[in-house]
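Residue-level listing of the chains:
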Amino acid sequence: MNNEEIIIEGPNIAHGSESTHEHGHEHHEQHFVWKYIFSQDHKIIGRQFLITGITWAIIGSLMSVFFRLQLGFPDSTFPVLETFLGSWAKGGKLSPEFYYALVTMHGTILVFFVLTAGLSGTFANILIPFQVGARDMASPFMNMLSYWFFFLASILMFISLFVETGPASGGWTTYPPLSALKEASLGSGIGMDLWLFSMATFVVSSLLGGLNYITTILNMRTKGMTMTRLPLTVWALFFTAVLGVLSFPVLFSGLVLLIFDRNLGTSFYLSEIFIGGKALPHIGGSAILYQHLFWFLGHPEVYIIMLPGMGMASEILATHSRKPIFGYFAMIISLVGITVLAFVVWAHHMFVTGMSPFLGSIFVLLTLLIAVPSAVKVFNWITTIWRGNIRFNPAMLFALGFVSLFISGGLTGIFLGNSALDIHLHDTYFVVAHFHIVMGVSAFFGMFAGIYHWFPKMFGRFMNNSLGYIHFFITFAGAYLIFWPMHYEGIAGMPRRYYDYSAWESFKHFQGINAFISIVAIIVFFTQLLFVFNFVVSIFRGRKVTTLNPWGSTTLEWTTPIKPGHGNWVGEIPTVYRWPYDYKDDGHGNDFIPQTTPLRPGEESH
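Cut-offs used in this document
Residues numbered from 1 in each chain as written. Predicted model: local features only at pLDDT ≥ 70, side-chain atom pairs only at ≥ 80, totals over all residues. Heavy atoms only, no water. Helix = DSSP H or I, 4+ residues; strand = E, 2+ residues; numbered from the N terminus. Rg over C-alpha atoms; globule rule 2.2 N^0.38 Å. Contact = heavy atoms within 4.5 Å. Areas by Shrake-Rupley, 256 points an atom, 1.4 Å probe, with all protein chains shown as cover. Lys, Arg positive; Asp, Glu negative; His and termini not counted. Charge placed at Lys NZ, Arg CZ, Asp CG, Glu CD. Core = buried A, V, L, I, M, F, W, Y, C linked by side-chain atoms within 4.5 Å. Buried < 20%, exposed > 50% of the residue type's maximum accessible area, 1.4 Å probe, protein only. Phe/Tyr/Trp six-rings, centres within 6.5 Å; stacked < 30°, edge-to-face > 60°. Lys NZ or Arg CZ within 6 Å of the ring centre and 35° of its normal. Salt bridge = Lys/Arg side-chain N within 4 Å of Asp/Glu carboxyl O. Axes fitted to C-alpha atoms, helices over the stretch in contact; angles between N-to-C directions. Left-handed = near helix turned anticlockwise from the far one by under 90°. Nonpolar A, V, L, I, M, F, W, Y, C, P; charged D, E, K, R; others polar. Parallel < 35°, antiparallel > 145°, perpendicular 65-115°, else oblique. pLDDT = per-residue confidence, 0-100. Patch = residues over 30% accessible without salt bridge, like charges linked within 9 Å, V, L, I, M, F, W, Y side chains within 5 Å.

Q: Could you give an account of the overall build of the protein chain, with specific residues and numbers?
A: Helix and strand content of the protein chain: 18 helices and four strands. Against the globule reference of 25 Å for 606 residues, the protein chain gives a C-alpha radius of gyration of 25 Å, in line with a compact fold. Projected onto the principal axes, the alpha-carbon positions of the protein chain cover approximately 80 × 50 × 50 Å. Expressed as a percentage of contacts within the protein chain between residues at least 6 apart in sequence, the contacts between residues at least 24 apart total 77%. Accessible surface for the protein chain amounts to roughly 23500 Å². Of this, 68% is attributable to carbon and sulfur atoms. Separation between the mean location of the 30 positive side-chain charges and that of the 32 negative ones in the protein chain comes to 6 Å.

Take a look at the structure:
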């Protein structure tokens, strides 16, 4: 029987322990379109999310290179900009309008399209059915729809880059009234409408995926796979989905009301607006309402981005340290704590809106409290690798880099979580530095760690280690060299999103630092292209995997065929007998015991 062509029909997927010899059948060769494009196989859909996410990452990162040239060298011209951007960079210099558009689209693309859809969509799809012992997702059709709604959102966002008035340019948060009035700026025109419809479509994709992930984890675990035997990766992806399902509808409502204000004459966010001395007929709205709706998603979004990286780092650190994860139950409880607290800290983004000092003090307390479960995770990661037999491969290095960046970036959050300090630091480069390190770069490190670690399971080949080491060391050093100096600029009060600082007596002495940051950013960007080269070439030319379990891992995904077909396992799905981190002597010369190994006489379950 051909392993790659086993199909388990929908009704039988729910019976995880049933034999495929009873319910499966050999399936005729599927047409390319149905096998790889409109696929309902979770592994193919995961790859679709990954490749789409990588494509958007290149586009979004290239945008940052363009506007860093402006920030680093405001008096210089770069003909290459006109080659790429046409009339938006006449004479090789960005126009101010397009500078703001680039900043807006860069943030939108990387936060939502790469680090939300690209990260969660990839690893939730690939790992959840594998690690819980399921043939596929609870609803493969809904899973397919999740990707195609994301793809439709991508198309709408991409089209907005080419409209005559330019893409949205109100910042990735798109605060009204700038985003609510079409006449406010060039970037408030049709590009903003496309942005809003794209984001609304994106929310639909996230909800379809999140509901599917939650249902699969709760209802489709194989025999013996209790919740307390789930890998931490699955726990993290579960809470990520919970966060998304509960918070994305709030953003959706905020976007719909903004669409109404722009196109139907409503006044949810607008009041007493004057243009050219003439009052507009908008009365009774509040721009602060939009901020509440946006940040009620916006802060859980930080953890929607971070939690998958936390889960994967936990898995990778244990596997490549050859040690059990330290404090498994504490790790789960800390995930619960982060998930709960993520919903009650959103207003720390709004300390400068005129909030009551008493209410602000409550959000300060809750914000500082969320550091506690985060610190628990950091302590457990460090204790896991302590005196471990560490393999310093690219996956492990990126997992260690994730921990480093999460610690250093998280510490600066303590400053911003204090309402008195935030009044000075708000909307300065200190904020840019903080969230890029703790959320942006560290989440990318988690993503890279996951790609290097599970690439053999996704494609049946290994990535090139030498290129992986180059990728890690340049990216790791570059991350700190780019974003650490920004903290000093922010403490000096240097505001973000300004087109040219050279006319400011207070900030022009930072021009040397800005030039240095821009040069490092360009080097790091080209290093990511090296990763993309490694990724693409390794899919077709990488060293082939010759064993089911190349890393010596304990979890279920490494019990499937090297190139599993739709249905994952041939015959019955394995039964689980133990927790997922039994890294110890198995009595046969191995230093790990898979979850599928029955307990030995006298051995107690974890």
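Q: Tell me about the nonpolar core, residues and numbers included.
A: The biggest cluster of nonpolar side chains holds 184 residues, and the ones touching the most others in it are Leu94 and Phe535. For Leu94, the residues in contact, after removing those within four places along its chain, are Phe66, Phe67, Gln70, Leu81, Leu85, Trp88, Ala89, Tyr99, Leu102 and Tyr499.

Q: Explain the packing of aromatic side chains to me, using residue names and the numbers behind them.
A: Here the structure, examined in full by the defined rule, presents 67 aromatic pairs. Here the aromatic rings of Phe459 and Phe535 are separated by 5.8 Å at their centres, their planes lie at 90 degrees, and the arrangement is edge-to-face. Taken together, the residues Phe459 in helix α16 (residues 429-459) and Phe535 in helix α18 (residues 511-541) connect sequence positions 76 residues apart. The burial state of Phe459 is the same as that of Phe535; both residues are buried. Across the ring face of Phe130, the terminal group of Lys457 is positioned such that the distance to the ring centre comes to 5.8 Å.

Q: How would you summarise unusual backbone geometry if you had to cite specific residues and measurements?
A: Look at the link from Pro176 to Pro177: it is a cis peptide, with omega at 10 degrees. Relative to the helices and strands, Pro177 resides in the loop between α7 (140-160) and α8 (190-219). In this structure, Thr174 takes a positive phi of about 45 degrees despite not being glycine. In this structure, Thr174 sits in the loop between α7 and α8. Assessed through its relative accessible area of 0%, Thr174 is described here as buried.

Q: Go over the pattern of salt bridges with me, naming the residues and quoting the values.
A: Applying the stated criterion across every chain yields a total of eight salt bridges. A salt bridge links Glu505 to Lys508, with the shortest nitrogen-to-oxygen separation between them at 3.3 Å. Note that Arg578 is salt-bridged to Asp582, the shortest N-O span being 2.7 Å. The residues Arg578 and Asp582 share a single accessibility class, namely buried. Here the salt bridges do not stand alone but share partners, grouping Lys182, Asp193 and Arg262 into one network.

Q: Describe in detail the packing of helix α13 (residues 371-385) against helix α14 (residues 394-416), supporting the description with residues and values.
A: In contact at an axis separation of 11 Å, α13 and α14 are set at 145 degrees when each is read in the N-to-C sense. Seen along the crossing, α13 lies across α14 with a hand that is left-handed. Two secondary-structure elements touch here, α13 through Ser374, Val378, Trp381, Ile382 and Ile385 and α14 through Met396, Leu400, Phe402, Val403, Phe406 and Ile407. In the contact of α13 with α14, the residues fall into ten nonpolar, one polar and no charged.

Q: Quick rundown of the packing of helix α10 (residues 287-321) against α16? Include the residues and the values.
A: Orientation of α10 relative to α16, taken along the N-to-C sense of each, is 45 degrees, at an axis distance of 8 Å. Comparing the axis directions of α10 and α16 gives the class oblique. For the pair α10 and α16, the sense of crossing is left-handed. Where α10 approaches α16, its residues Val302, Ile305, Met306, Gly309, Met312, Glu315, Ile316, Thr319 and His320 are matched on the opposing element by Val438, Met439, Ser442, Ala443, Gly446, Met447, Ala449, Gly450, His453 and Trp454.

Q: Outline the confidence of the model for the protein chain, listing residues and values.
A: Here the protein chain shows a mean pLDDT of 91. Residues at 70 or above account for 95%. Confidence drops under a pLDDT of 50 for residues 1-27, and excluding neighbours within four residues, the segment shows 51 contacts in the predicted structure.

Q: So what's going on with a nonpolar patch on the surface? Residues and values would help.
A: A cluster of nonpolar side chains, contributed by Leu368, Ile382, Ile407, Leu411, Ile414, Phe415 and Leu421, occupies part of the molecular surface with about 590 Å² of accessible area. Ranked by residues supplied to the nonpolar patch, first place goes to α14 with four residues. Within the fold, Ile414 resides in helix α14.

Q: Describe the environment of Ser506, naming the residues involved and giving the relevant values.
A: When you line up the elements, Ser506 lands in the loop between α17 (465-491) and α18. In the structure, Ser506 is positioned 40 residues away from Thr546 in sequence and 61 Å away in space, judged by C-alpha atoms.

Q: Describe the environment of Leu207, naming the residues involved and giving the relevant values.
A: When you line up the elements, Leu207 lands in helix α8. Among the residues examined, Leu207 registers a relative accessible area of 23% and is labelled partly exposed. Sequence separation of Leu207 and Ala241 is 34 residues, and the distance between their C-alpha atoms is 8.3 Å. Residues within four places of Leu207 in sequence aside, it is in contact with Gly244, Val245, Phe248 and Pro249.

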